[in-house]
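Tertiary structure, described
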Amino acid sequence: GNESLTSNINSLRVLKDTLTKVTIADCPNVQGNFIDLADFPRLKALDLGDSCVIGDIRDIGKQDFLPLETLVLPDGVYGGTGYEMQHISDVLGVIMA
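Residues numbered from 1 in each chain as written. Predicted model: local features only at pLDDT ≥ 70, side-chain atom pairs only at ≥ 80, totals over all residues. Heavy atoms only, no water.

**Comments concerning the overall build of the protein**
Applied cut-off: Strands are runs of DSSP state E lasting at least 2 residues, helices are runs of H or I lasting at least 4, and numbering of each runs from the N terminus. Burial classes follow relative accessibility: with a 1.4 Å probe on protein chains only, a residue under 20% of its type's maximum area counts as buried, one over 50% as exposed, and anything between as partly exposed. Between two residues, a contact is recorded if the distance between any of their heavy atoms is within 4.5 Å. What sets the accessible areas is the Shrake-Rupley method with a 1.4 Å probe; for residues, cover comes only from the shown protein chains.
Looking only at helices and strands, the protein features 1 helix and 8 strands. Reading the protein from its N terminus to its C terminus gives the helix and strand order β-β-β-β-β-β-β-β-α. Among the 97 residues that make up the protein, the fraction classed as buried is 37%. Across the protein, every contact between residues at least 6 apart in sequence was considered, and the portion connecting residues at least 24 apart equals 46%. Summing over all exposed atoms, the protein offers an accessible surface of approximately 5,600 Å²; the carbon and sulfur share of this is 50%.

**Quick word on the side chain of Asp 64**
Counted only if it meets this: Neither His nor the chain ends is counted toward charge; the positive residues are Lys and Arg and the negative residues Asp and Glu. Each reported salt bridge corresponds to a side-chain nitrogen of Lys or Arg within 4 Å of a carboxyl oxygen of Asp or Glu.
Within the secondary structure, Asp 64 is located in the loop between β5 (55–56) and β6 (70–72). Buried charged residue Asp 64 carries no salt bridge. Nearest counter-charge: Arg 13, at 9.3 Å.

**Some words on the nonpolar core**
Here is the rule: Residues enter a nonpolar core if they are buried and are Ala, Val, Leu, Ile, Met, Phe, Trp, Tyr or Cys, with the set joined through side-chain atoms within 4.5 Å.
By size, the foremost hydrophobic cluster in this structure holds 22 residues, and its most contacted members are Ile 9, Leu 12, Ile 24, Phe 34, Leu 37, Leu 46 and Phe 65. Contact partners of Ile 9, with chain neighbours within four places excluded, come to Ile 24, Val 30, Gln 31, Gly 32, Asn 33, Phe 34, Leu 37, Leu 48 and Val 53.

**Focus: the pattern of salt bridges**
Evaluation of the coordinates by the stated rule reveals 3 salt bridges. Lys 16 serves as the salt-bridge partner of Asp 39, at 3.1 Å between the closest nitrogen and oxygen. Within this pair, whereas Asp 39 is found in the loop between β3 (30–31) and β4 (45–47), its partner Lys 16 is found in the loop between β1 (7–8) and β2 (21–23), the two being separated by 23 residues in sequence. Arg 58 is paired through a salt bridge with Asp 56; the nearest N and O atoms lie 2.6 Å apart. Residue Asp 56 is classed as buried on the basis of its relative accessible area of 13%. Put simply, Arg 13, Lys 16 and Asp 39 are held in one network by salt bridges that share partners.

Structure representation (structure tokens):
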């Protein structure tokens, strides 16, 4: 991780059409809402573990994170604690549990 890295994940939006993998793990000074990356058309892997990113997995819609294969969320995301999703469809099972 990198404790000196400070930013908001919303700043990644300028790379929306090109990013395929985002790993911001163990970066406690990175903030934002994970749902800001929901419409990235090529994003296959998203790892935000141990960051200050927030959100709620119940906000994920049917058209969100379509290409995503791996999702790791930090404690600040409601419903995301302790889960590592291999497919975005796995989120529905977690929400219902």
